[in-house]
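# Close look at the chain arrangement
The primary structure of each chain is shown beneath.
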Amino acid sequence: FATNSYLIDGHELWFVGDRLRCFDTACRRFVPLPETLREHPVLSDARIELVHPYGEHGLFLLTSADGMFYLDRESGVVVSQNETGFPINVPDFKIKLMFTDSRGNIWFGSYDRGVAAHYHYTERFNNNKFVSNALENKSVVSTTTDSDNNLWIATRNDGLFVLDGKDKSLNQIPLSELSSRRYSYDESIKNVFADSHGNIWLTLTNAETLRCHYAGN
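Residues numbered from 1 in each chain as written. Predicted model: local features only at pLDDT ≥ 70, side-chain atom pairs only at ≥ 80, totals over all residues. Heavy atoms only, no water.

This part takes up the overall build of the protein. Within the protein, the regular secondary structure consists of two helices and 18 strands. Dimensions of the protein, computed from C-alpha atoms along their principal axes, come out at roughly 55 × 40 × 30 Å. Relative to its 217 residues, the protein shows a buried fraction of 47%. When the accessible surface of the protein is totalled, it reaches about 12200 Å², and 46% of it is carbon and sulfur. Averaged over its 21 positive side-chain charges, the protein has a centre that lies 5 Å from the centre of its 28 negative ones. (Helix = DSSP H or I, 4+ residues; strand = E, 2+ residues; numbered from the N terminus. Buried < 20%, exposed > 50% of the residue type's maximum accessible area, 1.4 Å probe, protein only. Areas by Shrake-Rupley, 256 points an atom, 1.4 Å probe, with all protein chains shown as cover. Lys, Arg positive; Asp, Glu negative; His and termini not counted. Charge placed at Lys NZ, Arg CZ, Asp CG, Glu CD.)

Written out as structure tokens, the structure is:
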């Protein structure tokens, strides 16, 4: 089964499970991976954990043991994070998830060291120190942005955080404030998603789904 996936160009579904695969939804069939991936000395046999698009033709591939690679799908060129030409600096922690917000900024979530960001408007890697310090040693499990450019960050044991898109304040929302129900310690948020109607959807580890609405501070 797929553990991570991304739809690119509206029809190329790249996903990882036991291996990296690409499915063309237009012709409804699996398509071969680029030759540079199939014959790459590392990626041809590597366990890939995440796939994430970058720019118009780029694709990041995060491996379990060999770091991150960048694939230019147009030219077929593959570059590792330690080689010249890799487009970003990779944060110095074990990456659990990657997310690109509406402004093109890439956010990295960790298992126990909060988040880091690569901002679209600058060429250098730039941690948001305020956010990083607030989420230090917290396990980030899911992120999303809503139509007001608020960034939602779900953590395993510390509830939900929202980085306000207007005043840049960071607010913590405990799970207990989202429902009248009392939750045990091992019940936590699994995924967060913002729809086009202003609703914030949360799925929990106990299979419960919550629909919330953010009214600011």
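The discussion continues.
It is worth spelling out the sheet that holds strand E5 (residues 48-54) at this point. With antiparallel pairing, four strands are arranged side by side in an open sheet as E5-E6-E7-E8. Since the sheet does not close on itself, it has two edges, and those belong to E5 and strand E8 (78-80), each with one partner. Direction aside, the axes of adjacent strands within the sheet are offset by 20° on average. Strand direction decides the pairing type here: strand E6 (residues 58-63) and strand E7 (residues 68-72), joined by five bridges, are antiparallel. Looking at the pairing, Gly58 lines up with Asp72 of E7. (Pairing = 2+ DSSP bridges. Axes fitted to C-alpha atoms, helices over the stretch in contact; angles between N-to-C directions.)

We now examine the environment of Ser147. Locating Ser147 in the fold gives a position in the loop between strand E12 (140-145) and strand E13 (151-155). By relative accessible area, Ser147 is classed as exposed at 60%. Sequence spacing of Ser147 and Gly67 is 80 residues, and the spatial spacing of their C-alpha atoms is 33 Å.

This next bit is on the pairing of strand E11 (residues 115-118). With burial as the criterion, each face of E11 is covered, one bearing Val115 and Ala117 and the other bearing Ala116 and His118. Inspection of the sheet shows strand E10 (residues 106-110) paired to E11 by four bridges, in the antiparallel sense. Within E11, the residue paired with Phe108 across the bridge is Ala116. Linking E10 back to E11 in an antiparallel pair, the connection comprises four residues, with Gly114 at a positive phi of about 70°.

On to the nonpolar core. A general feature of soluble globular proteins is that nonpolar side chains tend to end up buried together. Counting residues in each nonpolar core, the largest one holds 17 residues, and the members touching the most others are Trp152, Leu160 and Leu202. Mapped onto this core, the elements with two or more residues apiece are E13, strand E14 (160-163), strand E16 (189-194), strand E17 (199-204) and strand E18 (209-213). Setting aside residues up to four positions removed in sequence, Leu202 forms contacts with Leu160, Leu178, Ile189, Asn191, Val192, Glu208, Thr209, Leu210 and Cys212. Core analysis: the next-biggest nonpolar cluster, separate from the first, contains 16 residues, Ile8, Leu43, Ile48 and Phe69 among them. (Core = buried A, V, L, I, M, F, W, Y, C linked by side-chain atoms within 4.5 Å. Contact = heavy atoms within 4.5 Å.)

Further remarks concern the packing of aromatic side chains. This structure, assessed with the given rule, holds seven aromatic pairs. Between Phe60 and Phe86 the ring centres are 5.7 Å apart and the planes differ by 45°, which places this aromatic pair in the tilted class. With Phe60 in strand E6 and Phe86 in the loop between E8 and strand E9 (95-100), this residue pair connects regions lying 26 residues apart in the sequence. Given the relative accessible area of 10%, Phe86 is considered buried. (Phe/Tyr/Trp six-rings, centres within 6.5 Å; stacked < 30°, edge-to-face > 60°.)

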